[in-house]
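This is what each chain is made of:
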Amino acid sequence: MNVKSQATIAYAYALGSLKIKSITTSNIVSTEVRTVDLLAKKIASTEYFKPEDIITYSIIITNPGNSKATDVIITDSLFRQSFVQDSFRYLFLDESKADIKLSINDDNLVFEISELKAHAVCVLTYQAIVDEIEEICLDLRNCTSIASKEVQPFATNKLNLKQRYAKIECLKKTVDHVYLNSDINYEITLSNKGNIEAIDL
């Protein structure tokens, strides 16, 4: 977007008793208004999980402004999860060639993009494995924080992945010994250690 401006000057001068009025205009100047904006969304490969599942996350970032964003920092929480080594990938949907660095800080992944061109779209993808969670009703809730040199920090949409699974454990008992041609009795105990009903047993 450009802002154009021109000055108009009214003036007068006298020739004897005659007063002459005139108007003049300047040249037109144009100033480019540069804008940097960042939009982002986070998605997960599933809505439901159980402990030790591997979940694929994607973070989509775009700069709808007309000027590049610099020093873009994306901080993503790994609450009750562990990063799967070598699973990080990124893709620019334009001709951008910026490098993206990944570091792990406590329970957070920190992605650093040196610059994101105007109208560029970048997709970050990685995998995380869910920890062994004892609380069977604990869900995974998180969102991603994004900021740049030009844009104040903001949060993406919130993800709420629900822990839902059935886990059947089976225990079989019998007597230690029997005599030939006698019946053997078995006792089978099934228990569901998950948090939803098991079907089709």
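Here's a quick rundown of the structure. Here the structure is a predicted model, which means the values were calculated and not measured.

1. Overview of the nonpolar core
Formed by 31 residues in total, the largest nonpolar core has its most connected members in Ile61, Ile74, Phe111, Ile113, Leu116, Leu124 and Tyr126. Among the secondary structure elements, those contributing two or more residues to this core are strand 7 (54-62), strand 8 (69-77), strand 12 (108-116), strand 13 (121-130) and strand 17 (159-163). Top contributing element to this core by residue count: strand 13, with five residues. When neighbours within four sequence positions are excluded, isoleucine 61 is seen to be in contact with Leu38, Leu39, Ala40, Ile74, Ile113, Leu116, Ala120, Val121, Cys122, Leu124 and Ile146.

2. Considering the sheet that holds strand 11 (residues 100-105)
Reading across from one edge, 11-12-8-15-16 is the order of the five strands in this open sheet, with antiparallel pairing throughout. For this open sheet the edge positions go to strand 11 and strand 16 (154-155), each flanked by a neighbour on one side alone.

3. Here's the deal with the pairing of strand 11
The pairing of strand 11 with strand 12 spans six bridges and is classified as antiparallel. Within the sheet, the bridge partner assigned to lysine 101 lies in strand 12 and is glutamate 112. Counted along the chain from strand 11 to the antiparallel partner strand 12, the turn is two residues long, and its residue aspartate 106 has a positive phi close to 55°.

4. Examining the sheet that holds strand 17
Pairing is mixed across the open sheet formed by three strands, whose spatial order is 6-17-14. The outermost strands of the open sheet, each flanked by one partner alone, are strand 6 (48-49) and strand 14 (140-142). When strand 14 meets strand 17, the two strands line up antiparallel, connected through three bridges. Opposite arginine 141, over in strand 17, you have asparagine 160 as the bridge partner.

5. Some words on the side chain of lysine 42
Residue placement: lysine 42 occurs in strand 5 (residues 39-44). Separated by 3.3 Å, the side chains of lysine 42 and asparagine 142 make a polar contact. With near-sequence residues (within four places) excluded, lysine 42 lies in contact with Tyr57, Ser58, Ile59, Asp76, Ser77, Tyr126, Asn142, Thr144, Thr156, Asn157 and Leu159.

6. What to know about the packing of aromatic side chains
Following the criterion strictly, the structure yields six aromatic pairs and no others. Aromatic side chains phenylalanine 111 and tyrosine 126 sit 6.0 Å apart centroid to centroid with 40° between the ring planes, which places their arrangement in the tilted category. Of this pair, phenylalanine 111 sits in strand 12 while tyrosine 126 sits in strand 13, placing them 15 residues apart in sequence. Judged by relative accessible area, which is 0%, tyrosine 126 ranks as buried. Here the aromatic residues Tyr57, Phe83, Phe88, Tyr90, Phe92, Phe111 and Tyr126 are joined through ring pairs into a cluster of three or more. Here the basic side chain of lysine 42 rests over the ring of tyrosine 57, its NZ or CZ set 4.6 Å away from the ring centre. Across the ring face of tyrosine 186, the terminal group of lysine 172 is positioned such that the distance to the ring centre comes to 4.4 Å.

7. As for the environment of glutamate 132
Following the sequence through the fold, glutamate 132 ends up in the loop between strand 13 and strand 14. Glutamate 132 sits 29 residues away from serine 103 along the chain, and the two C-alpha atoms are 24 Å apart. Contact partners of glutamate 132, with chain neighbours within four places excluded, come to Pro51 and Glu52.

Rules and cut-offs
Residues numbered from 1 in each chain as written. Predicted model: local features only at pLDDT ≥ 70, side-chain atom pairs only at ≥ 80, totals over all residues. Heavy atoms only, no water. Core = buried A, V, L, I, M, F, W, Y, C linked by side-chain atoms within 4.5 Å. Buried < 20%, exposed > 50% of the residue type's maximum accessible area, 1.4 Å probe, protein only. Helix = DSSP H or I, 4+ residues; strand = E, 2+ residues; numbered from the N terminus. Contact = heavy atoms within 4.5 Å. Pairing = 2+ DSSP bridges. Polar contact = N/O pair within 3.5 Å; in protein donor to acceptor, adjacent residues only side chain to side chain. Phe/Tyr/Trp six-rings, centres within 6.5 Å; stacked < 30°, edge-to-face > 60°. Lys NZ or Arg CZ within 6 Å of the ring centre and 35° of its normal.

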